[in-house]
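Chain residues, written in single-letter form:
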Amino acid sequence: MASAYPIHLVLVGPPGAGKGTQAAMLESQLGLKQISSGDLFRENLKNHTELGQLAKIYIDRGDLVPDNVTIAMVEDRIQRPDCARGVIFDGFPRTLEQARALDEMLALQGSEIRVAPALVASDEVIIDRLTGRRVCRNCGAVYHVCYNAPKVDGVCDVCGGELCQRSDDLPETVRNRLYVYYKQTSPLIGYYYAKDLLIRVDADQPIETVKQAMLQAIGAVIGK
Ligand code: AP5
Ligand code: MG
Ligand code: ZN
């Protein structure tokens, strides 16, 4: 099986399934770059950019930021040299239009998506994970009060920054994010299945179990 770079992966899955957690681990394990559209929006928000102000309106409601804005942001980001070996797309694409746009922008670079792992998680698990999630205000590292607790309560293991709750992890917003996932994002499962790129991973398992399952499934495809 071919293993030539770049190796591009798309992580598909509902909010809270563990895309960010798994992408961060795969990044170091596979030497690829994690690109999270949600993190890019939050970075913009932190830096008070116009894009950040616009995205906030949608993020706070749990709705998707318009496709044209999101696609342009990701297209710009993947031009940077740190993406040359390949990208783990986390939270992008999230609509069929974004998926088609991604295929086109990669084709222009002479590359393509190699595999699309789908993290399959039940609604109860998702809600439990999102309500207990804590993120570092400084570096964005992700924790969970029960399942992935920091060494010192409220303090980031990586940088010592303060941990906080994401504003869109409030119960009402989480419900809308799930609804938006089923309505607008879940059709991607069929999109990647039809291209023979989909691999399903049971994401209801503990973090380490999911990681091993992901590595095994991805390795079988990319030949590592
Ligand atoms: P985004 O930031 O992408 O949020 P999301 O898709 O809702 O996903 P999350 O980040 O909430 O969950 P995750 O799957 O990464 O889980 P995590 O690893 O953190 O997007 C936010 C918003 O930005 C969107 O609502 C939208 O408005 C906008 N946006 C972003 N991308 C867009 C796009 N492409 N188009 C349009 N709009 C866009 O894990 C969750 C918790 O569970 C953590 O506490 C973690 O420690 C814990 N955990 C993880 N795995 C496990 C496990 N196996 N067992 C136990 N606990 C676990
Ligand atoms: Mg995430
Ligand atoms: Zn930190």
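Residues numbered from 1 in each chain as written. Chains lettered and ligands numbered in written order. Predicted model: local features only at pLDDT ≥ 70, side-chain atom pairs only at ≥ 80, totals over all residues. Heavy atoms only, no water.

Peer 1: How should I be thinking about the environment of Thr49 in this particular structure?
Peer 2: Within the secondary structure layout, Thr49 lies in the loop between helix H2 (37–46) and helix H3 (50–61). The spatial distance from the C-alpha of Thr49 to the C-alpha of Asp90 is 22 Å, given a sequence separation of 41 residues. (Helix = DSSP H or I, 4+ residues; strand = E, 2+ residues; numbered from the N terminus.)

Peer 1: Explain the site of ligand 1 here, please?
Peer 2: Neighbouring ligand 1 are 36 residues, the closest being Thr21, Asp63, Arg94, Arg133 and Arg177. Contacts to ligand 1 include Tyr143, whose backbone N or O atom sits 2.7 Å from an oxygen atom. With respect to ligand 1, the side chain of Arg166 contributes an N or O atom lying 3.0 Å from an oxygen atom. Surface burial for ligand 1 is 97%, taken as the share of its 1000 Å² of free accessible area covered by protein chains. Those elements that provide at least two residues to the shell around ligand 1 are helix H1 (19–30), H2, helix H6 (123–131), strand S6 (142–144) and helix H9 (207–222). The element contributing the most residues to the shell around ligand 1 is H2, with four residues. (Near = heavy atom within 4 Å. Polar contact = N/O pair within 3.5 Å; in protein donor to acceptor, adjacent residues only side chain to side chain. Areas by Shrake-Rupley, 256 points an atom, 1.4 Å probe, with all protein chains shown as cover.)

Peer 1: I tried to follow the sheet that holds strand S4 (residues 113–120) on my own but got confused; where do I start?
Peer 2: Within a sheet, neighbouring strands are paired by backbone hydrogen bonds and run either parallel or antiparallel to one another. A sheet is described by the order of its strands in space; here five strands give the open sequence S2-S3-S1-S4-S8, paired in parallel fashion. Every interior strand has two partners, whereas the edge strands, strand S2 (33–36) and strand S8 (198–202), have only one. When strand polarity is set aside, the average angle formed by the axes of neighbouring strands in this sheet is 25°. For strand S1 (residues 8–11) and strand S3 (residues 87–90), the ladder comprises three bridges, and the chain directions are parallel. Bridge assignment links Val10 to a residue of S3, and that residue is Phe89. Here H1 sits on the sheet in contact with S1, S2, S3 and S4, set at roughly 170° to S3. Of the strands in this sheet, S1, S4 and S8 touch H9, which is tilted by about 155° from S4. (Pairing = 2+ DSSP bridges. Axes fitted to C-alpha atoms, helices over the stretch in contact; angles between N-to-C directions. Contact = heavy atoms within 4.5 Å.)

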